[in-house]
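Structural characterization, general
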Amino acid sequence: MLKWLRMLEDFILPPPSYCPLCGENPLTRLECCPKCLADLAIDWRLEKICGRLTAHLFVYQGYGRQIVQQLKFHGGYRAAVAVGALLGRALKETPEFSRVDLLVPVPLHPVRERRRGFNQSQALALGIKSHWHRQIFRGVVRRRETPAQSGLSWQERQANIQRAFAAVGGTDLRGRVCLIVDDVITSGATFHGVAQVLESLGATCLGVCAGRAVLEKGKN
Ligand SMILES: [Zn+2]
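Starting from 1, residues in each chain are numbered consecutively following that chain's sequence as written. Reporting in this predicted model follows two pLDDT cut-offs: at least 70 for local features of residues, and 80 or more for side-chain atom pairs to be given and counted; totals over whole chains, interfaces and linings ignore these cut-offs and use all residues. Water and hydrogen atoms play no part in the side-chain values, which are based on all heavy atoms of the structure.

Further remarks concern the overall build of the protein. The helix count covers DSSP runs of H or I at least four residues long, the strand count covers runs of E at least two residues long, and both are numbered beginning at the N terminus. Summing up its helical and strand segments, the protein has 8 helices and 8 strands in all. Only protein chains enter the area calculation, which uses a 1.4 Å probe; residues under 20% of their type maximum are buried, those over 50% are exposed, and those in between are partly exposed. Scored against the burial criterion, the 220 residues of the protein give a buried share of 51%. Every residue pair with non-hydrogen atoms within 4.5 Å of one another is taken to be in contact. A sequence separation of at least 24 residues applies to 74% of the contacts in the protein between residues at least 6 apart. For accessible areas, the Shrake-Rupley method is used with a probe of radius 1.4 Å. Any residue's cover is judged against the shown protein chains and nothing else. Counting every atom, the protein has about 11,300 Å² of accessible surface; 54% of that belongs to carbon and sulfur.

If you want it as structure tokens, here you go:
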């Protein structure tokens, strides 16, 4: 029901004339206002996580952290699409990602998605797609909810995430290059869990996230 309402809202409402991140400043050319853009401290960086090339837009702290929390917990669908569009612009300019042909949003468990009303990674992928035309692949599902991951070590996260994701439909992904999309990467355990499923279908995996969390010292 919520999904339908949102689709209708997108058709009926004109594009937002105010910044979807702060809701205060008028929009000009970009997806968010210049103040939000400055406060996000965008710093597009590429790194290898679990041996796979991954990029992030900002560090998960300060305003970036606030925005990611907003996407997740305060019905920030439009904010997620806007951040996705910023990711799309960055991806488009990054040759290392040019061979990607599928976007794979990290799935939420259906119960959590119903509760939240949308999957923030899916909304990010829709935003990416608005600037960088790639198909969205929905053949990975979350079979069980994983407990909150914060404060856990890599081994504990990995144990939590194991078997949480599964492929549906038996798609053959040999020769396909998938870009896993998530709102925030901390240890990379979730990203690794989804990548393993896709790789078992023959795909090569890369990753992108909005915020990169820096783990506390002593955690790995
Ligand atoms: Zn703003």
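So, about the sheet that holds strand β2 (residues 52–59). An order of β1-β2-β8-β7-β3-β4 is seen for the 6 strands of this open sheet, with the pairing classed as mixed. Unpaired on one side and paired on the other, β1 (45–49) and β4 (135–136) mark the two borders of the sheet. Here 4 bridges tie strand β3 (residues 102–105) to strand β7 (residues 177–185), and the two strands are oriented parallel to one another. Its bridge partner lying in β7, L102 is registered against C178. Lines are fitted to the C-alpha atoms to define the axes, a helix being fitted only along its stretch in contact, and any angle between axes, read from their N-to-C directions, falls within 0 to 180 degrees. Each of β2 and β7 is contacted by helix α3 (residues 62–73), which is oriented at about 105° to β7, the strand it contacts most. Along the sheet, helix α8 (residues 189–200) makes contact with β1, β2, β3, β7 and β8 (204–212), crossing β7 at roughly 165°. Any two strands with at least two DSSP bridges between them are considered paired.

Let us look at the confidence of the model for the protein. You can read pLDDT as the predictor saying how much it trusts each residue, on a scale of 0 to 100. Of the residues in the protein, 88% reach a pLDDT of 70 or more, and the chain-wide mean stands at 87. When mean pLDDT is compared element by element in the protein, β3 scores highest at 98, while helix α1 (residues 2–12) scores lowest at 56.

Turning our eyes to something else, we now look at the coordination of the zinc ion. Protein coordination at the zinc ion comes from C19 (SG), C22 (SG), C33 (SG) and C36 (SG), with a distance range of 2.2 to 2.3 Å. Only nitrogen, oxygen and sulfur atoms within 2.8 Å of the metal, or 3.2 Å for Na, K and Ca, are treated as donors, and water is left out, so sites may look incomplete. Working rule for geometry: tetrahedral if four donors all subtend angles between 85 and 135 degrees; square planar for four, octahedral for six, if opposite donors exceed 155 degrees and the others stay between 65 and 115; irregular in every other situation. Considering all 4 donor atoms around the zinc ion, angles at the metal cover 105 to 114° and the coordination shape is tetrahedral. By relative accessible area, which is 24% here, C22 ends up partly exposed.

Moving on to the pairing of β3. Residue alternation in β3 divides its side chains into two sets, L102 and V104 and L103 and P105, and both sets are buried. Looking at chain direction, β3 and β4 are connected through 2 bridges and run parallel. If you follow L103 over to β4, its bridge partner there is I136.

The gaps left among the atoms become clear once a water-sized probe is rolled over them. Points on a 1 Å grid, built from protein atoms alone, make a cavity when a 1.4 Å probe fits but cannot get out and make a pocket when they are open with protein on both sides within 12 Å along at least 5 of 7 lines; residues with an atom within 4 Å of a point are the lining residues. Grid points are joined across faces, edges and corners, and a volume is the space filled by probe spheres set on the points. All chains considered together, the criterion is met by 1 cavity of 30 Å³ or more. In this structure, the largest cavity occupies an estimated 30 Å³ of space. If you go around the largest cavity, the residues you meet are L108, H109, R112, R142, E145 and T146. In this classification, Asp, Glu, Lys and Arg are treated as charged, Ala, Val, Leu, Ile, Met, Phe, Trp, Tyr, Cys and Pro as nonpolar, and every other residue, Gly included, as polar. In the lining of the largest cavity, the residues fall into 1 nonpolar, 2 polar and 3 charged.

In this section: the packing of aromatic side chains. Aromatic pairing here means that ring centres of Phe, Tyr or Trp (its six-membered ring) are within 6.5 Å. Orientation follows from the plane angle: under 30 degrees is stacked, over 60 is edge-to-face, and everything else is tilted. This structure, assessed with the given rule, holds 2 aromatic pairs. Aromatic pair Y77 and F118: ring centres 5.5 Å apart, planes at 85°, arrangement edge-to-face. Here Y77 is found in helix α4 (residues 77–92), whereas its partner F118 is found in the loop between α5 (110–116) and α6 (120–131), with 41 residues between them in sequence. Across the pair, exposure class does not vary: Y77 and F118 are buried alike. Sitting over the face of the ring of F191, R52 holds its NZ or CZ atom 5.9 Å from the ring centroid. Note on criteria: charge over ring means Lys NZ or Arg CZ within 6 Å of the ring centre, with the direction from the centre no more than 35 degrees off the ring normal. Over the ring of W132 we find R134; its NZ or CZ atom is 4.0 Å from the centre of that ring.

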